[in-house]
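Inside the fold
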Amino acid sequence: MRIAISGTHRAGKSTLIEELSDLLPTYATVDEPYHQMEEEGYAFAEAPSVEDFEAQLARSIDNLEEGTRDVLFDRCPVDFIGYLLAHEDSDAFDLDAWLPRVRGALQKLDLVVLVGIEQPDRVSLSASDDKALRLAVDEKLKELLLENAHGFEVEVLEVEGSPRVRAKQVLAHLSEAD
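Residues numbered from 1 in each chain as written. Predicted model: local features only at pLDDT ≥ 70, side-chain atom pairs only at ≥ 80, totals over all residues. Heavy atoms only, no water.

**A word on the overall build of the protein chain**
The line we're drawing: A run of DSSP states H or I qualifies as a helix once it reaches four residues; a run of E qualifies as a strand once it reaches two. Both are numbered from the N-terminal end. Between the two quantities, the radius of gyration covers C-alpha atoms and the globule rule is 2.2 Å times the number of residues to the power 0.38. Note on classification: 1.4 Å probe, protein chains only; a residue is buried when its accessible area is under 20% of the maximum for its type, exposed when over 50%, partly exposed between these limits. Residue burial considers only the protein chains on display, and all accessible areas are found by Shrake-Rupley using a 1.4 Å probe.
Counting its regular elements, the protein chain contains seven helices and five strands. Going residue by residue from the N terminus, the α and β elements of the protein chain occur as β-α-β-α-α-β-α-α-β-α-β-α. The C-alpha atoms of the protein chain give 15 Å as radius of gyration, which agrees with the globular expectation for 178 residues (16 Å, within 12%). Residues classed as buried in the protein chain amount to 46% of the 178 residues present. Total accessible area computed for the protein chain in this model is approximately 8800 Å², and 46% of it derives from carbon and sulfur atoms.

Here you go:
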């Protein structure tokens, strides 16, 4: 299966991927576009711009185009749409122009696992974390994925609890799908 782990920053996505990697040792993992691009020398603005998020969106789409089966993706294109819609310069983002490419890419996924912000929040934040942006992106992702506001037609599983509990929820969902 091709599974993307989605969520705002500091929600526990990477931790969930680590747990799932232990439980699904035959699965490959694909790092999030930000880290891939940073390793390749892309210079992100200190506060990522609309262009930075669009570049990550394009990279996320490209990642899904690769034909590997049994893979865990850290983020999916919808993550970047969430960031772009929550960005202070969101008016500069043309969602309608991106929707056909995003919908096509999402068809290459079997499942999107949404890691949302829980109440109380499981993640301790530092003073440097942009809490308002984090909450806004979480809200946008829930709208985009759970309410299917743009007809993405991808299966979504929202998980909660400790990292191990979240991983077990994913495994239980996969076993039900078989």
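**A closer look at the pairing of strand 1 (residues 2–6)**
We count it as follows: Should DSSP find at least two bridges between two strands, the strands are taken to pair.
Counting buried residues along strand 1, five of its five residues qualify, which places the element largely inside the surrounding structure. The alternating pattern of strand 1 places Arg2, Ala4 and Ser6 and Ile3 and Ile5 on opposite faces, both of which are buried. Examined bridge by bridge, strand 1 and strand 3 (residues 71–74) share four bridges and lie parallel to one another. Note on strand 3: the bridge partner recorded for Arg2 is Val71. Note that strand 1 and strand 4 (residues 111–115) share four bridges and pair parallel. Each residue of the ladder has a partner; that of Ser6, found in strand 4, is Leu114.

**Quick look at the packing of helix 4 (residues 77–86) against helix 5 (residues 95–106)**
How two helices sit against one another is set out by the angle between their axes and by the gap between those axes. Filter applied, for reference: Only C-alpha atoms enter the line fits that serve as axes; for helices the fit covers just the stretch in contact. Angles between N-to-C directions range over 0 to 180 degrees. Should an angle fall under 35 degrees it is taken as roughly parallel, and over 145 as roughly antiparallel, whereas 65 to 115 is taken as roughly perpendicular and any remaining angle as oblique. In this scheme the handedness of a crossing depends on how the near helix is turned from the far one: anticlockwise by less than a right angle means left-handed, clockwise means right-handed. The contact definition used throughout considers only heavy atoms, calling two residues in contact when any of these lie within 4.5 Å. Residue polarity is assigned by list, with Asp, Glu, Lys and Arg as charged and Ala, Val, Leu, Ile, Met, Phe, Trp, Tyr, Cys and Pro as nonpolar; anything else, Gly included, falls into the polar class.
At a closest axis distance of 10 Å, the pairing of helix 4 and helix 5 adopts a crossing angle of 160°. Taken as axis vectors, helix 4 and helix 5 run roughly antiparallel relative to one another. Here helix 4 runs over helix 5; the crossing is left-handed. Contact residues: helix 4 offers Pro77, Val78, Ile81 and Leu85, while helix 5 offers Leu95, Val102, Ala105 and Leu106. For the contact of helix 4 with helix 5, the residue count by class is eight nonpolar, no polar and no charged.

These figures capture arrangement, not role.
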